[in-house]
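Coordinate inspection notes
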Amino acid sequence: SSALTLQRAGDTDFVNLTSTMLGGFSSAVTFVVQGLPAGVSATFAPSRLAAPGNGMTVLKLANNSSTMVGSTPIMIKATAGSVVRTMMLTLALTK
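This text gives an overview of the structure that appears in the document. Residue numbers run consecutively from 1 along every chain, following the written order of its sequence. Confidence filtering applies because this is a predicted model: local features only for residues at pLDDT of at least 70, side-chain atom pairs given and counted only at 80 or more, and all residues used for totals across whole chains, interfaces and linings. Here the side-chain values reflect all heavy atoms present in the structure, with hydrogen atoms and water set aside.

1. Details of the overall build of the protein chain
As a reminder of what qualifies: Runs of E in the DSSP output that reach at least two residues are strands. Runs of H or I that reach at least four are helices, and both are numbered from the N terminus. Only protein chains enter the accessibility calculation, which uses a 1.4 Å probe; a residue whose area is less than 20% of its type maximum is buried, one above 50% is exposed, and one in between is partly exposed.
Counting secondary structure elements, the protein chain contains zero helices and eight strands. Going residue by residue from the N terminus, the α and β elements of the protein chain occur as β-β-β-β-β-β-β-β. Taking the principal axes of the C-alpha coordinates as reference, the protein chain spans close to 45 × 20 × 15 Å. Counting all 95 residues of the protein chain, 33% fall into the buried class.

2. Let's talk about the environment of V15
Along the chain, V15 turns up in strand β2 (residues 12–19). Judged by its relative accessible area of 12%, V15 falls in the buried class. In this structure the C-alpha to C-alpha distance between V15 and A50, which are 35 residues apart in sequence, comes to 20 Å.

3. Describing the pairing of strand β7 (residues 70–80)
The criterion, for reference: Two strands qualify as a pair provided DSSP detects at least 2 bridges between them.
Two elements, strand β3 (residues 29–34) and β7, share five bridges in a ladder whose sense is antiparallel. Paired with Q34 across the two strands is M75, which belongs to β7. As paired elements, β7 and strand β8 (residues 83–93) share eleven bridges and run antiparallel to each other. Looking at the pairing, G70 lines up with L93 of β8. Counted along the chain from β7 to the antiparallel partner β8, the turn is two residues long, and its residue G81 has a positive phi close to 65°.

4. Focus: the sheet that holds β7
Judged by pairing direction, the sheet is mixed, and its five strands sit side by side in the order β1-β8-β7-β3-β5 without closing on themselves. A single partner strand is all that each edge strand has here, and the edge strands are β1 (2–6) and β5 (48–49).

5. Comments concerning the sheet that holds β2
To keep it simple, the criterion reads: Helix axes use the C-alpha atoms of the stretch in contact, all axes being lines fitted to C-alpha atoms, and the angles between their N-to-C directions lie in the range 0 to 180 degrees.
What the three strands build is an open sheet, ordered β2-β6-β4; its pairing is antiparallel. Two strands bound the open sheet, and with one partner strand each, they are β2 and β4 (40–45). With strand direction ignored, the average angle separating the axes of adjacent strands in the sheet is 20°. The pairing of β2 with strand β6 (residues 55–63) spans eight bridges and is antiparallel. By the bridge assignment for β6, T18 is matched with M56.

6. Quick look at the side chain of T57
Heads up, the condition is: Two N or O atoms form a polar contact when they lie within 3.5 Å of each other; inside protein one atom must be a possible hydrogen donor and the other a possible acceptor, and for residues adjacent in sequence the pair counts only when both atoms belong to side chains. Note on definitions: a residue-residue contact is assigned when non-hydrogen atoms from the two residues lie within 4.5 Å.
Here T57 lies in strand β6. For T57, a relative accessible area of 0% corresponds to the buried category. A distance of 2.5 Å separates a polar side-chain atom of T57 from the backbone oxygen of P46. Leave out the neighbours within four places in its chain, and T57 touches V15, N16, L17, F31, F44, A45 and P46.

This is how it looks when you write it as structure tokens:
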């Protein structure tokens, strides 16, 4: 897994994610993040890739809290029709 660090309140980090459909599969792809600690927000730009689902999205993580410290696993989930793919990251919050 990969690691991201947010150092202080107001700090942000970005992850580029690429989606490639194989074998003639074609579907829109939506993205979500699960397991975020309190005080951390996530947005995708764009949040959905239109069919055939090939392209890139940028995940922005923002630390909105100055009290959180520690590491936590988070999961990025991409869904295309009935197909679901996940990726685990470690998010470290430091002061």
